[in-house]
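# Summary of the model geometry
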Amino acid sequence: MRQLYKTASFDIPHASESNKLQRVLSSTIQNRSRDSAIAAASLSRYPHSPLSLPHPTEESACYWNAKHFNLQRAQLFQQATPQEQNAILQIASLSLLQEAYFIEKAGISYMAKMVALSESTDERMLYALFSADETYHLTQLLRFLPLHQTTVTDDPFLRFLTDLIEHQDKTVLLFILQVVLKGWVLSHYRTLASDCQNPELANILTGFLQDESRHHTTGITLFKQNPLTPETRQVIVEALVYFLRRVQTEPQSVVAAVNRVLGPLSRCQKIQLIEELQTEIHTGTRLNLLRSLIGKETAHTILNELEARQAFEPLPAYLCA
Ligand SMILES: [Fe+2]
Ligand SMILES: [Fe+2]
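Here we take up the overall build of the protein. Across its full length, the protein carries 15 helices and 0 strands. For the protein, buried positions account for 37% of its 321 residues. The long-range share in the protein, meaning contacts at least 24 apart out of those at least 6 apart in sequence, stands at 77%.

This is the structure we're talking about:
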């Protein structure tokens, strides 16, 4: 029977620890890593490596502080015990890290798809190297995540990304994934790196920036070489409306972390929490960044339609709760 393989599935598991493939992967990473720190960080996941370190438990994973999440302003957080505050920060930190894990995993699939879609040998070579960049990024993040967090996701945004990578044409992919999302990831990682409490993880995230910047600028260059048809333009607008809607309703993961430790929260408590997190201000800043990324590369045609649909307006707390 014919089996259909999907290129972008985010939920494929890691090979089991006893699988010989892990040995090959760890020695390949060790041999090809551009510096020894990457090799050490990468290998620590693998049980056969002499550098193998225990994975963090959720208790040891408090990588970003209350100020990063703006939680110090929230009454619920202020009134929580130190243990509860710690638990909230750990859950919120791990969900940031898990998001980065899936961004990198998506990056490998996306770059591999672009290897197949390349129109010159040089373009193909570049995307194969980019796919390797994302592989190094992913391996470096793995050791900071508890094992059970590295396979399962029911995030609708990741399903949306999978669907895009699977079904959309090259121009749509270049614009959404490389121009907009990579530009966004670049700024997101910069903030994560500068606020990170763990010097080793901060260093790793800083190390991603140069690669991500190269992925982003290559996307801009190639997008400009691909004509934008009215149909492609419309697909891009619809995809961006969906993506921007998610940004408009942030930060759901912080609310979920508070809810898990102190909840169940009532709708009123959620609204108050979102207001105290000053979501509208922070979301406004993110939406402005996205507006400039989108507007810069599309001669404002896409931008105008998104503005008409109020995709750059931060939503009030009661619509995010
Ligand atoms: Fe990456
Ligand atoms: Fe990337």
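Between its first and last C-alpha, helix H10 (residues 230-248) extends 26 Å over 19 residues, near the 27 Å set by a 1.5 Å rise per residue. All of the buried residues in H10 are Ile236, Val237, Ala239, Leu240, Phe243, Leu244 and Gln248. Of the surrounding elements, those touching the buried residues of H10 are helix H7 (156-167), helix H8 (170-195), helix H13 (279-297) and helix H14 (301-308).

Let us look at the nonpolar core. Ranked by internal contacts, the top residues of the largest apolar core, which has 74 residues, are Ile88, Ile176, Val180, Leu240, Val258 and Leu306. When neighbours within four sequence positions are excluded, Ile176 is seen to be in contact with Leu164, Leu181, Ile236 and Ala239.

As for its placement among the helices and strands, Tyr136 is situated in helix H6 (residues 121-142). C-alpha of Tyr136 to C-alpha of Phe208: the two residues are 72 residues apart in sequence and 9.3 Å apart in space.

Conventions and cut-offs
Residues numbered from 1 in each chain as written. Chains lettered and ligands numbered in written order. Predicted model: local features only at pLDDT ≥ 70, side-chain atom pairs only at ≥ 80, totals over all residues. Helix = DSSP H or I, 4+ residues; strand = E, 2+ residues; numbered from the N terminus. Buried ≥ 20, exposed ≤ 12 C-beta atoms within 10 Å, placed from the backbone. Contact = placed C-beta atoms within 7 Å. Expected span 1.5 Å × (residues − 1). Core = buried A, V, L, I, M, F, W, Y, C linked by C-beta atoms within 7 Å.

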